[in-house]
Structure formats: structure tokens, C-alpha cells
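Listed here are the chains, written in short residue letters.
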Amino acid sequence: MKILVTGANGFIGKNLISELRNRGYKEIFEYDIDTDTALLEKYCKESNFVFHLAGVNRPPKESEFMEGNFDFTSVLLDTLKKQNNTCPVMISSSIQAELDNPYGRSKKAGEDLLFNYGKETGARVLVYRFPNVFGKWCRPNYNSVVATFCYNIARDLPIKVNEPSVVMILVYIDDVVEELINALGGNENKVGDFCEVPVVHTISLGEIVELLYSFKKSREDCSIPNMADPFTKKLYSTYLSYLPEERFSYELKMNVDKRGSFTEFIKTPDRGQVSVNISKPGVTKGNHWHHTKNEKFLVVSGSGVIRFKMIGSDKIIEYYVSGKKMEVVDIPTGYTHHIENLGEEDMVTIMWANEPYDPEKPDTYYLEV
């Protein structure tokens, strides 16, 4: 299949083309504002499907709305007719096509042109009225408030929120791309005359800002956003894509003493805490037990032994562990335990606990194994 994508270098175009290539589509004609116009004839002659994503939404002059959103659509459809190509054509429109403003009127004009083209030629036409689309590669400080807020907050720049209570209707770029690829296979989500992305998120502007600042703070308190919430998961992925390249990494607080170190990595209120423990050769750490707190130990480097003793018993249980064998050891409640480095190098252990450490209620009681 040969696929023509106009607006190939734009936000949706880049994401769509990347995923089409991931899925094995090789013949993709990429057309954008700087493409040799002579190629349009060839592309319109050979294409089996057209994704018409080109358009303008914030031009310097008001007249350019119609030029970008109507005139080029007319050129594209006329070229397809000239080549007698009645392949399916999808057009990227906006929910603003329902509004009486220059942008909305230009989008509505492009829609009507495509609907009339479908009636005239019999071609399958797909009109998508997208709400606000967010995700990676969207241009900040242009037309997407999510992109702008992500960009500015990640760089400690101020943002302006006039009305936090304003409700946003949003679709995520991966959901958009999934729907467009479904349409390529004839499985578009059609509602009446229009097509829609089936997964839509509704949230206030203030809530978006609150989430974004929590993402920024998560680096300080080792927290992880609630990935069970689909919108939070998508917004967090989007936020990370706007980090400055020099800020991809961040330091953790290492609690260091002569025995080695202990570093908290991730804390969650509902999925517990992950930490990294480094033990020097010959060092034993632990010798405590818990009522409700439980843990998992995974030695990833070095070698040692984990010893247990049930409270009130003299029987000692031993598990020998090594980074050469990935083996998780559960630390049950009611057993005092310790871990000893038996090797000649530092032993590194990944430790998970079912709850974040609370100094007010540590549930940790000293008792030698």
C-alpha cells in the first residue's frame, strides 16, 4: 500500500508516519510545505490512501486560514481527480469547525469540499473533527496549552492560567494514530457523517496544571504518578518528552556510612517503595523484623546470604544469593532477618517494601538473627 501524508512534518504527521513505519508500511509519500510541488502529481497518481493532515491554525494573517485549510485541500482533491484516483481520503478538521471564527470557518470549508468530492467521485471520505490533541512532538508556545505548560514547567518558566475551571476536551496522540491506522484498514470509528477518536479525556485546566507540577515534584520525593489513571499516564509521558536534554537525569539522596549505602528510588502510596542497598564486603545489614511491612530482596551484583529466624524460634534459615542468578527472596512478617555480603566486592541489592518508609511508624524492630 502506498500512503500519502500531507503535513508530514507536523505534530500528528510525524507521529503517524513513525508508527506506520513501525508496522511495516514502507511506501509513504511525505508531503509538507517545503516539498517540491511537482511531486504532488506523482503522489496523487500512485497513492492508495491519503491522510490529509496539512493545515494552519495560527497564521500571521487572517486570510491565511482559508489559504492553508481550504485552498490546498482544493488543490489536493483536484489533483486526485486529474489522476482519476478515487482512493480513500481522510482530512484532519477541528471541533472549532462548529464555531463562527476565521479558523473554524476555514476548517468547515475544507470539510464541505471533501464531502462534495466524495459525492462527486464516489471516493470514501473520512472527516475527523479533533478536539485538543496532546502528546510528544507537539510544538510548545504555539496552539497547544498542554505542550506549552509541559515545556515551561519542565524549564522552571512561569505559566499563565486565566481560568482554572475551564474544561478541556483532549485526545492523546497515540490514540489518534491508532484510530487513523484503523481507518486505513477500513475500521474507522464513524458517528454520523464524521469520524471520531473513541478515547476522549475531559479535565479542567487547573487539574492539568496540578498534575504537571506534581510530576515535577516527583523527582524530589521519589514518587510515581498514578499510572492506573489513563489520562495521568498519558500526560506524564507527554511531560517527560519536554524535559530539557540536560535534565533527563536527577540525583537521589544516598544514605552512606562505613557499611555501604541505602538509597530510596521510588515511593508510591499504593504499590510500596523500591530502594537500592549497597553492602561492603563482610558487612551484615538488617537484624530486624516487621509486623505488617514485608519486603522482596533481589541481589543484582556480588554474593551473600539472607538469614531468617521466626520470632520465638531458634531455627535459622539461610538463602544464598548472587548477582549471577536473578532470584527474588520474600521477607515474611514475623521473621527477623539480615543480609550479609560474603564476597570480596560490593553487593548490590534491589529492595521492595509494600509501603513507603514512615519515620513516625516504621514497623521495624531490632532483633539479631
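These notes cover the structure that comes with them.

About the thresholds
- Residues numbered from 1 in each chain as written.
- Predicted model: local features only at pLDDT ≥ 70, side-chain atom pairs only at ≥ 80, totals over all residues.
- Heavy atoms only, no water.
- Phe/Tyr/Trp six-rings, centres within 6.5 Å; stacked < 30°, edge-to-face > 60°.
- Helix = DSSP H or I, 4+ residues; strand = E, 2+ residues; numbered from the N terminus.
- Contact = heavy atoms within 4.5 Å.
- Pairing = 2+ DSSP bridges.
- Expected span 1.5 Å × (residues − 1).
- Buried < 20%, exposed > 50% of the residue type's maximum accessible area, 1.4 Å probe, protein only.

Attention now moves to the packing of aromatic side chains. Evaluation of the coordinates by the stated rule reveals twelve aromatic pairs. Taking 4.5 Å as the distance between ring centres and 5° as the angle between the ring planes, the aromatic pair formed by F29 and Y43 counts as stacked. On the criterion of sequence distance, the pair formed by F29 in strand β2 (residues 27–31) and Y43 in helix α2 (residues 39–46) is long-range, its members being 14 residues apart. Plain terms: the ring middles of F115 and F194 are 5.6 Å apart, the flat faces sit at 80° to each other, and that makes the pair edge-to-face. Highlighted residues: F115 in helix α4 (residues 102–121) and F194 in strand β9 (residues 194–195), separated in sequence by 79 residues.

It is worth spelling out the environment of L205 at this point. Here L205 shows up in helix α7 (residues 205–221). The spacing of L205 and R21 is 184 residues in sequence and 34 Å in space, taken between C-alpha atoms. If we skip the residues at most four places from it in the chain, L205 touches V145, F149, V161, E163, P164, V166 and M168.

Successive residues of a regular strand alternate their side chains across the two faces of the sheet. The pairing of strand β11 (residues 254–257) with strand β12 (residues 260–268) spans four bridges and is classified as antiparallel. Across the sheet, the residue bridging to V256 is S261, located in β12. Between β11 and β12, which pair antiparallel one after the other, the connecting turn spans two residues.

The subject of this paragraph is the sheet that holds strand β19 (residues 335–341). One open sheet accounts for five strands, arranged β17-β16-β19-β14-β21; its pairing is antiparallel. One side of each edge strand has no neighbouring strand; the edge strands of this open sheet are β17 (317–322) and β21 (365–366). Relative to β19, strand β16 (residues 303–310) runs antiparallel, the two being bridged by seven bridges. Pairing of R307 across the sheet is with H338, part of β19.

The terminal C-alpha atoms of helix α6 (residues 173–184), which comprises twelve residues, lie 16 Å apart, in line with the 16 Å expected from a rise of 1.5 Å per residue. Summarising burial for α6: nine of the twelve residues are buried, a large majority. Restricting attention to buried positions, one finds in α6 the residues I173, D175, V176, V177, E179, L180, I181, A183 and L184. Downstream of α6 by one or two residues, G186 has phi in the positive range, about 85°.

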